[in-house]
Amino acid sequence: MKIVAAAPPNFDEIAAAFPVVRDKAVFFAWGGTIYNPKGVTVPPAIVAHEEVHGARQLGAAQAGTARGEDAIRQWWHRYINEPSFRLLEEIPAHRAELTWWRRQPDMQKAVPGFRSKLAFYELAIAKKLAS
């Protein structure tokens, strides 16, 4: 995916629903692009996460009556306004993020407060998914 240091086309709509995105480094998939409004480094696990969103957006564009940008806008509208849809979209994206972590070396090594690095990332991802 291409990474762009800019806000996505619908940033104002996203920020109206989720104001925290104005203050934190948050990334947004838009088809084959990851938008990075703060211009920070995008961690590889997050790239894996956003790739899932982008692929699902493009899949919706191919399957539905809307095409291209319109289909992506429709996906985002549902994501913003339908919590059940948002959860259904976040589950596979977080799964991809966790899969990326599982493939890294030394994930079974203990870290302070956790039996392993993997346990640390599992909890962090579970917290994000629950929020």
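Residues numbered from 1 in each chain as written. Predicted model: local features only at pLDDT ≥ 70, side-chain atom pairs only at ≥ 80, totals over all residues. Heavy atoms only, no water.

1. Some words on the layout of surface pockets
Phase 1 of the analysis: Here the largest pocket defines a volume of roughly 860 Å³.
Phase 2 of the analysis: Only strand S2 (28–30), helix H2 (44–63), helix H3 (68–81), helix H4 (83–102) and helix H5 (117–130) provide two or more residues apiece to the lining of the largest pocket.
Phase 3 of the analysis: Looking at the lining of the largest pocket residue by residue, the class counts come to 17 nonpolar, five polar and five charged. (1 Å grid on protein atoms, 1.4 Å probe; cavity = no way out; pocket = protein on both sides within 12 Å on 5 of 7 lines; lining within 4 Å. Points joined across faces, edges and corners; volume = space filled by probe spheres on them. Helix = DSSP H or I, 4+ residues; strand = E, 2+ residues; numbered from the N terminus. Nonpolar A, V, L, I, M, F, W, Y, C, P; charged D, E, K, R; others polar.)

2. Some thoughts on the packing of H3 against H4
Phase 1 of the analysis: It is at 5 Å that the axes of H3 and H4 come closest, and there the two elements cross at 110°. The angle between the axes of H3 and H4 places the two elements in the roughly perpendicular class. Contacts between H3 and H4 pair Trp75, Arg78, Tyr79, Ile80 and Asn81 from the former with Pro83, Phe85, Arg86, Glu89 and Glu90 from the latter.
Phase 2 of the analysis: Along the lines of polarity and charge, the residues of the contact of H3 with H4 split into five nonpolar, one polar and four charged. (Axes fitted to C-alpha atoms, helices over the stretch in contact; angles between N-to-C directions. Parallel < 35°, antiparallel > 145°, perpendicular 65-115°, else oblique. Contact = heavy atoms within 4.5 Å.)

3. Thoughts on the packing of aromatic side chains
Phase 1 of the analysis: Counted under the stated rule, the structure contains ten aromatic pairs.
Phase 2 of the analysis: Their ring planes at 85° and their centres at 5.2 Å tell us that Trp75 and Trp76 sit as a pair that is edge-to-face.
Phase 3 of the analysis: On the basis of relative accessibility, which here comes to 5%, the residue Trp75 falls in the buried class.
Phase 4 of the analysis: The class of Trp76 is buried, set by a relative accessible area of 6%.
Phase 5 of the analysis: Taken together through their ring pairs, the aromatic side chains of Phe11, Phe28, Trp75, Trp76, Tyr79 and Phe85 make up a single cluster.
Phase 6 of the analysis: Lying across the ring of Tyr79, Arg86 places its NZ or CZ 5.9 Å from the centre. (Phe/Tyr/Trp six-rings, centres within 6.5 Å; stacked < 30°, edge-to-face > 60°. Buried < 20%, exposed > 50% of the residue type's maximum accessible area, 1.4 Å probe, protein only. Lys NZ or Arg CZ within 6 Å of the ring centre and 35° of its normal.)

4. Some words on the pattern of salt bridges
Phase 1 of the analysis: Following the criterion strictly, the structure yields six salt bridges and no others.
Phase 2 of the analysis: Between Glu89 and Arg56 there is a salt bridge, with the nearest N and O atoms lying 2.8 Å from each other. Of this pair, Glu89 sits in helix H4 while Arg56 sits in helix H2, and the two are 33 residues apart along the sequence.
Phase 3 of the analysis: Measuring nitrogen to oxygen at the nearest pair gives 3.9 Å for the salt bridge that ties Glu122 to Arg115.
Phase 4 of the analysis: The exposure class of Glu122 is partly exposed, given its relative accessible area of 26%. (Salt bridge = Lys/Arg side-chain N within 4 Å of Asp/Glu carboxyl O.)

5. A few points about the sheet that holds strand S1 (residues 2–4)
Phase 1 of the analysis: On the basis of which strands lie adjacent, the open sheet formed by three strands has the order S1-S3-S2 and mixed pairing. Each end of this open sheet is capped by a strand with a single partner; those strands are S1 and S2. Sheet twist, expressed as the average angle between the axes of neighbouring strands with direction ignored, equals 30°.
Phase 2 of the analysis: Looking at chain direction, S2 and strand S3 (residues 33–35) are connected through three bridges and run antiparallel. Looking across to S3, one finds that Trp30 is bridged to Thr33. (Pairing = 2+ DSSP bridges.)

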